[in-house]
Amino acid sequence: MELIQVEGGFPLSGEVVVEGAKNSALKLMVATLMAPGVNTLTNVPNISDVHTMGTVLECLGAVIDVADEHTLHIDTSCIDSWVTPYELVARMRASTAVLGPLITRFGKAVVAMPGGCNIGARKIDMHLQGLAALGVEFTIDHGNIHAAAPHGLKGATVELEFASVGATENLLMGAVCAEGTTIIDNAAREPEIVDLADMLNDMGAHIEGAGTPSITIEGVSSLHPVAHRVVGDRIEAGTFIAIGGIAGGPLTVKGFDPKHLDIVLRKFEAMGINIEREEDGVHVSRAADTPIQPSDIQTLPFPGFPTDMQAQTMTLLALAAGDSFITENVFENRFMLAAELNRMGADIRIEGHHAIIHGAKGFSGAPVTSPDLRGGAALVMAGLVADGYTKIDGVNHIDRGYEHFVEKLQSLGAHIERHEECPLNLDSFAPRKA
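Scoring rules and cut-offs
- Residues numbered from 1 in each chain as written.
- Predicted model: local features only at pLDDT ≥ 70, side-chain atom pairs only at ≥ 80, totals over all residues.
- Heavy atoms only, no water.
- Helix = DSSP H or I, 4+ residues; strand = E, 2+ residues; numbered from the N terminus.
- Rg over C-alpha atoms; globule rule 2.2 N^0.38 Å.
- Buried < 20%, exposed > 50% of the residue type's maximum accessible area, 1.4 Å probe, protein only.
- Contact = heavy atoms within 4.5 Å.
- Areas by Shrake-Rupley, 256 points an atom, 1.4 Å probe, with all protein chains shown as cover.
- Pairing = 2+ DSSP bridges.
- Axes fitted to C-alpha atoms, helices over the stretch in contact; angles between N-to-C directions.
- Parallel < 35°, antiparallel > 145°, perpendicular 65-115°, else oblique.
- Left-handed = near helix turned anticlockwise from the far one by under 90°.
- Nonpolar A, V, L, I, M, F, W, Y, C, P; charged D, E, K, R; others polar.
- Salt bridge = Lys/Arg side-chain N within 4 Å of Asp/Glu carboxyl O.
- Patch = residues over 30% accessible without salt bridge, like charges linked within 9 Å, V, L, I, M, F, W, Y side chains within 5 Å.
- Lys, Arg positive; Asp, Glu negative; His and termini not counted.
- Charge placed at Lys NZ, Arg CZ, Asp CG, Glu CD.
- 1 Å grid on protein atoms, 1.4 Å probe; cavity = no way out; pocket = protein on both sides within 12 Å on 5 of 7 lines; lining within 4 Å.
- Points joined across faces, edges and corners; volume = space filled by probe spheres on them.
- Polar contact = N/O pair within 3.5 Å; in protein donor to acceptor, adjacent residues only side chain to side chain.
- Phe/Tyr/Trp six-rings, centres within 6.5 Å; stacked < 30°, edge-to-face > 60°.

Student: Quick rundown of the overall build of the protein? Include the residues and the values.
Tutor: In terms of helices and strands, the protein carries 14 helices and 23 strands. Taking 2.2 N^0.38 as the reference for a compact globule, 434 residues should give roughly 22 Å; the C-alpha atoms of the protein span a radius of gyration of 22 Å, in line with that estimate. Split into buried and exposed, the 434 residues of the protein put 55% on the buried side. In the protein, of all internal contacts separated by at least 6 residues, the share reaching a separation of at least 24 is 71%. Accessible area for the protein stands at about 17,400 Å²; split by element, carbon and sulfur atoms hold 51% of it.

Next up, the structure:
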């Protein structure tokens, strides 16, 4: 097993360029299933979730040519299966995204129940109910979702009870070739939804209203292959902005649209972090004599404060000059980071879906375990300003969403390295014979 070791207390400065958005790239990859031929995706992040999704597509019959580290040519001409391998898709929360595309192409699909980070229940009822409104019938057996549309896909009006990103994406991909008009009310508004809709429209779909609470899809008979660039990753950008805020910077974070992080940037500015916006990035700094100010954060669907930035913000607020509060409204198990930060000297108490954070004077390096993707990045962030050494295991979580995370931090001046963990030799602790 590998771990990340950080020696804290060294100044960070310089420029970092973020990759394409993980949460967009995975859905764009599965969307190619609906357009037989060679689709080209650029600005694709080189991360483990993308590798897993690529293997899923190959198992279905796709041929993927990796032109360079961030460009994929995906040939879906010979897709001949609608059954996804459990061992692969069970690793990712994004696994259910293949439902809509496979049903659109074959009229049926078999997909494993979703996996991914252990941050809460996988509520897929809205996915199934929405697709059922389009004419899809479901059964669940031995951990797999069996879907079929025996009478074809028909347009319908679907009102989501919650602005679910995954459900909105599945409905978009299920409706693009459905007969008639589909309206998604209370649709998710995230930039990744807009990115998917833009690609589908380039493929020949007729989608209006992406990025608003109501999306209208006029069904078309077929889609054609395209070339598309993945939108910049606002969450990776937000992570490095938070790192600049806690370490002081100055850092320049490029490769994303600051409007996609508007509420995060405004909250960070209120916390005493200086942020200068540009068209494709920001400059971040915080003077050494400027304390981090406490704040009250509530996670909500876009344009609200993203749940994927909650862990990094908790780490910032753990060093604030006063008491802060975080309310997690999206995932019920996303406070597991708190126990690991408390090992490093934080003072965080969890009450239901609320975190009460009493600002501490500093972090102390300690061995900690990454609880999930964003929590792992947040622990690295804490280690950068901790006294002494911090060792973070569970690196596989970080690999799911951050490309060359250690190398990018090294380029900014961090004393950080990744290496193999030496296994504990339990034999050395065996009781000696008399």
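Student: Describe the sheet that holds strand β9 (residues 157–159), and please don't skip the residues or the numbers.
Tutor: One open sheet accounts for four strands, arranged β9-β10-β12-β11; its pairing is mixed. Single-partner strands in this sheet number two, and they are β9 and β11 (206–208). Ignoring strand direction, the axes of neighbouring strands in this sheet form an average angle of 15 degrees.

Student: Help me get a handle on the packing of helix α10 (residues 310–317) against helix α12 (residues 373–384), residues and values and all.
Tutor: In a pair of packed helices, the angle between the axes and the distance between the axes together describe the arrangement. It is the contact of α10 with α12, at a shortest axis distance of 8 Å, that shows an interaxial angle of 25 degrees. Viewed along their axes, α10 and α12 adopt a mutual orientation that is roughly parallel. In this structure, the crossing between α10 and α12 has a hand that is right-handed. Two secondary-structure elements touch here, α10 through A311, Q312, T315 and L316 and α12 through R374, G375, A378, M381 and A382. Its residues placed into classes, the contact of α10 with α12 shows five nonpolar, three polar and one charged.

Student: So what about the pattern of salt bridges? Which residues, and what values?
Tutor: Pairing between side chains becomes possible if they bear opposite charge and their charged atoms approach one another. Taken as a whole, this structure holds 14 salt bridges when the rule is applied. Where R266 meets D262, a salt bridge forms, and the shortest distance between an N and an O atom there is 3.0 Å. You can see R266 and its partner D262 sitting in helix α9 (residues 262–270), four residues apart, about one turn around the helix. Among the residues examined, D262 registers a relative accessible area of 35% and is labelled partly exposed.

Student: A description of the sheet that holds strand β19 (residues 347–351) should follow, citing residues and the corresponding values.
Tutor: Reading across from one edge, β17-β18-β20-β19 is the order of the four strands in this open sheet, with mixed pairing throughout. Two strands close off the open sheet at either side, each with one partner strand: β17 (296–298) and β19. Taken over all neighbouring pairs, the strand axes of this sheet differ in orientation by 15 degrees on average, direction set aside. Docked against the sheet, α10 engages β17, β18 (323–327), β19 and β20 (354–358), running at close to 170 degrees with respect to β18.

Student: Now, about a negative patch on the surface: what can you tell me, with residues and values included?
Tutor: A surface patch of like charges, here negative, comprises E15, E276, E278, E279 and D280. One can find E278 in strand β15 (residues 274–278). Of the residues examined, E278 reaches a relative accessible area of 37% and is grouped as partly exposed.

Student: Account for the layout of surface pockets, naming residues and giving values.
Tutor: The volume enclosed by the second largest pocket comes to roughly 270 Å³. As for the second largest pocket, its lining consists of 18 residues, and the residues nearest its centre are I246, R286, I292, L319 and K361. Of the residues contributing to the lining of the second largest pocket, the split by class is 13 nonpolar, three polar and two charged.

Student: Talk me through the environment of E7; I want residue IDs and the actual numbers.
Tutor: Structurally, E7 can be placed in strand β1 (residues 2–7). Separated by 212 residues in the primary sequence, E7 and G219 place their C-alpha atoms 56 Å from one another. Excluding residues within four positions of it along the chain, E7 makes contact with G383, G388, Y389 and H415. A polar contact is formed between the side chain of E7 and the side chain of Y389, at a distance of 3.4 Å.

Student: Break down helix α5 (residues 125–133) for me, with residues and values.
Tutor: Among the residues of α5, those classed as buried are M126, H127, L128, G130 and L131. Buried-residue contacts for α5 involve α4 (99–106), β7 (137–141), β8 (144–148), β9 and α6 (165–175). After α5 finishes, the residue G135 shows a positive phi value of roughly 110 degrees.

Student: Lay out the packing of aromatic side chains with the relevant residues and their values.
Tutor: By the definition in use, this model includes three aromatic pairs. With 5.7 Å between their ring centres and 50 degrees between their planes, W82 and F106 make a pair best called tilted. Of the two residues, W82 is situated in the loop between β5 (71–75) and α3 (86–89) and F106 in helix α4; the sequence distance between them amounts to 24 residues. Residue class for F106 comes out partly exposed when judged on its relative accessible area of 25%. Ring plane angle 35 degrees and centroid distance 4.8 Å describe the contact between Y402 and F405, whose orientation is recorded as tilted. Take Y402: its relative accessible area is 3%, and that puts it in the buried class. A network of ring pairs unites the aromatic residues F240, Y402 and F405 as a single cluster.

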